[in-house]
Amino acid sequence: MAHKAPFRLDGRTALVTGGGSGIGEQTVRALAGNGARVLVGDLNADAAQAVADGVANTEPLPLDVTDPAGVQSALEKVSSLDILVNNAGIGHVGMLEECTLDDFRTVMRVNVEGMFIVTAAALPLLTRSDRPCIVNIGSVAGLVGVKRRFAYCASKGAVVSMTRSLAADYAGKIRVNCVCPGTVDTPFVEAYLEKYHKHEKAETRKQLDARQPIGRLGKPGEIAHLVLYLCSDEAEFVHGSMMAIDGGWTAL
Ligand SMILES: NC(=O)c1ccc[n+]([C@@H]2O[C@H](COP(=O)([O-])OP(=O)(O)OC[C@H]3O[C@@H](n4cnc5c(N)ncnc54)[C@H](O)[C@@H]3O)[C@@H](O)[C@H]2O)c1
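Bear in mind that the values here come from a model prediction, so they are computed numbers and not experimental data.

K.L.:
Before we move on, could you go through the overall build of the protein chain and cite the residues and values that matter?
P.N.:
A tally of regular secondary structure across the protein chain gives 8 helices and 7 strands. Over its C-alpha atoms the protein chain spans a radius of gyration of 18 Å, differing by no more than 12% from the 18 Å that the globule rule assigns to 252 residues. For the protein chain, the spread of C-alpha atoms along the three principal axes comes to 55 × 45 × 40 Å. Across the 252 residues in the protein chain, those meeting the buried criterion constitute 50%.

Put into C-alpha cells, the structure is as follows:
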C-alpha cells in the first residue's frame, strides 16, 4: 500500500504574519516546500516581496497586524485560508522600571492586539476550511520569567493564554497550538545586539548561547519545522499545546 509522505500540505493555503524575516521567513519556506500556497504577510512590503520572489508558490500580502482596517482589506483579497501562523512580533529589553507605558503599549499592541486582530479577521475564512489550524508563535518568555523582559514576558504570556482560550472555544473546529522558542538566531537577535550590546556582541552572544542548556541558539528553520508539523495531518491530535523548543531552557 502506498503511504502519503508525512507533513504534506498540498491544496492548503497558509498566511504567515511577519513572513518577511527570521522564523516567519523560514516558516514560509517550510510550508511552501511541503505543498502549501503561502501568503507572506509583513509590515515590510519589500521584505515580503523579496521572500515571495525567492520561494515558489508564495505571494506577498503587505499588512500591519496592528491595523484592523488594513488587515481586513488585505484578507478581502484572499479567497480561502486553511492555516494561520501568527508570527509577527517585536521585543523590548528592560525590567519594569526601564519600561515606559509607551514601551509597554507598543509591545502589547503588536504581539497581543495584532494576534487578536489577525485571528478575528481570518476566522470567517478559517471556518470555511475543512481542516483549519492556527499556530501562534509565543516564546519561553510566556512560560517562565526572563530577566529584563517585563513587557515582552507580559505579551507572550498573553499569547499562551489566548492560545488556550481559543483551543477551549474552537475544539473540534479549529486546531490551535503555540510554539514557544528559546533564543533563535534571527535579525531580531542581531537588532538586539546592535542596539544594546554594540561593543560587546561576541561576549553577549556567548551569554545568549549559555541560556540554552545545549549551549547554542536555535536556528529559525528548526522552529519552522515544528510549525510545519503542527499544521500537518500528522498533528491532528495536538490541540491547545504549548510546545517549548528551547534547547532545554524551560526544563531547568
Ligand atoms: N528570535 C528569537 O529569539 C525569538 C524567540 C522566541 C520567540 N520569538 C518570536 O518569533 C516571532 C518572529 O521573531 P523573529 O526573531 O523571526 O523576528 P524578526 O524581527 O526577524 O522578524 C519579524 C517580522 O515581523 C514583521 N513585523 C513586525 N511588526 C509587524 C507588524 N506590526 N505587522 C506585520 N509584520 C510585522 C517584521 O517586519 C519582520 O519581518 C516573534 O513573535 C518573536 O517574538 C523570537
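K.L.:
Quick rundown of the domain arrangement of the protein chain? Include the residues and the values.
P.N.:
Parsing the protein chain into structural domains produces domain 1 (13-182 + 219-245) and domain 2 (187-217). Centre-to-centre separation of domain 1 and domain 2, based on C-alpha positions: 24 Å. Counting from both sides, the interface comprises 12 residues of domain 1 and, opposite them, 8 residues of domain 2. Here domain 1 and domain 2 share an interface that buries about 700 Å² over both sides, 52% of which is from carbon and sulfur atoms. Broken down residue by residue, the surface that domain 1 buries against domain 2 is led by Val93, Arg149 and Lys219, which jointly contribute 44%. Linking domain 1 with domain 2 are 1 salt bridge, by the criterion used here. For Arg216, the salt bridge is made with Glu222, and the minimal N-O distance between the two is 2.8 Å. Along the lines of polarity and charge, the residues of the side of domain 1 that touches domain 2 split into 4 nonpolar, 5 polar and 3 charged.

K.L.:
An account of the packing of aromatic side chains is requested, with residue identities and associated values reported.
P.N.:
With the rule as written, the count across this model stands at 4 aromatic pairs. Centre to centre, the rings of Phe7 and Tyr229 are 6.1 Å apart; their planes meet at 75°, and the pair counts as edge-to-face. Remark: Tyr229 occurs in helix 8 (residues 220-231) and Phe7 occurs in the segment before strand 1 (13-17); sequence separation between them is 222 residues. Judged by its relative accessible area of 27%, Tyr229 falls in the partly exposed class. Between Tyr152 and Phe188 the ring centres are 6.1 Å apart and the planes differ by 45°, which places this aromatic pair in the tilted class. Taken together, the positions of Tyr152 in helix 5 (residues 150-169) and Phe188 in helix 6 (residues 187-196) put the pair 36 residues apart, joining distant regions of the chain. The class for Tyr152 is buried, based on a relative accessible area of 13%.

K.L.:
So what's going on with the site of the ligand? Residues and values would help.
P.N.:
Near the ligand, the surroundings consist of 27 residues, among which Ser21, Asp42, Tyr152, Val184 and Thr186 are the closest. Between the ligand and the protein, one listed contact pairs an oxygen atom with a side-chain N or O atom of Lys156 at 2.9 Å. Between Thr186 and the ligand, the recorded distance is 2.5 Å, taken from a side-chain N or O atom to an oxygen atom. Within the complex, 91% of the 830 Å² of free accessible area of the ligand lies under protein. Contributing elements (two or more residues each) for the shell around the ligand: helix 1 (22-33), helix 5 and helix 6.

Parameters at a glance
- Per chain, the residues get numbers from 1 upward, laid out in the order the sequence is written.
- Side-chain atom pairs in this predicted model are given and counted only at pLDDT of 80 or more, local residue features only at pLDDT of at least 70, and totals for whole chains, interfaces and linings cover all residues.
- No hydrogens and no water enter the side-chain calculation; it runs on all heavy atoms of the structure.
- What counts as a helix is a DSSP run of H or I of at least four residues, what counts as a strand is a run of E of at least two, and both are numbered from the N terminus.
- Atoms counted for the radius of gyration: C-alpha only. Globule rule: 2.2 Å times the number of residues to the power 0.38.
- Three labels apply to residues, based on accessible area from a 1.4 Å probe with only protein chains included: buried if under 20% of the type maximum, exposed if over 50%, partly exposed otherwise in between.
- Where each domain starts and ends follows an automatic or database-derived domain assignment.
- Contacts are assigned to residue pairs that have any heavy atoms within 4.5 Å of one another.
- Using a 1.4 Å probe, buried area is obtained as the accessible area two parts lose upon being combined, added over both of them.
- When a carboxyl oxygen of Asp or Glu is within 4 Å of a side-chain nitrogen of Lys or Arg, the pair counts as a salt bridge.
- Residues are grouped as follows: Ala, Val, Leu, Ile, Met, Phe, Trp, Tyr, Cys and Pro are nonpolar; Asp, Glu, Lys and Arg are charged; all remaining types, including Gly, are polar.
- Stacked, edge-to-face and tilted are the three classes for Phe, Tyr and Trp ring pairs, Trp counted by its six-membered ring, which pair at centre distances within 6.5 Å; planes under 30 degrees apart are stacked, over 60 edge-to-face, the rest tilted.
- We call a residue near a molecule or strand as soon as one heavy atom of that residue lies within 4 Å of the molecule or strand.
- Residues adjacent in sequence count toward polar contacts only when both atoms are side-chain atoms; beyond that, a polar contact is any pair of N or O atoms within 3.5 Å, and within protein one must be able to donate a hydrogen and the other to accept it.
- Accessible surface area values rest on a Shrake-Rupley calculation with a 1.4 Å probe, where residue burial reflects the displayed protein chains alone.

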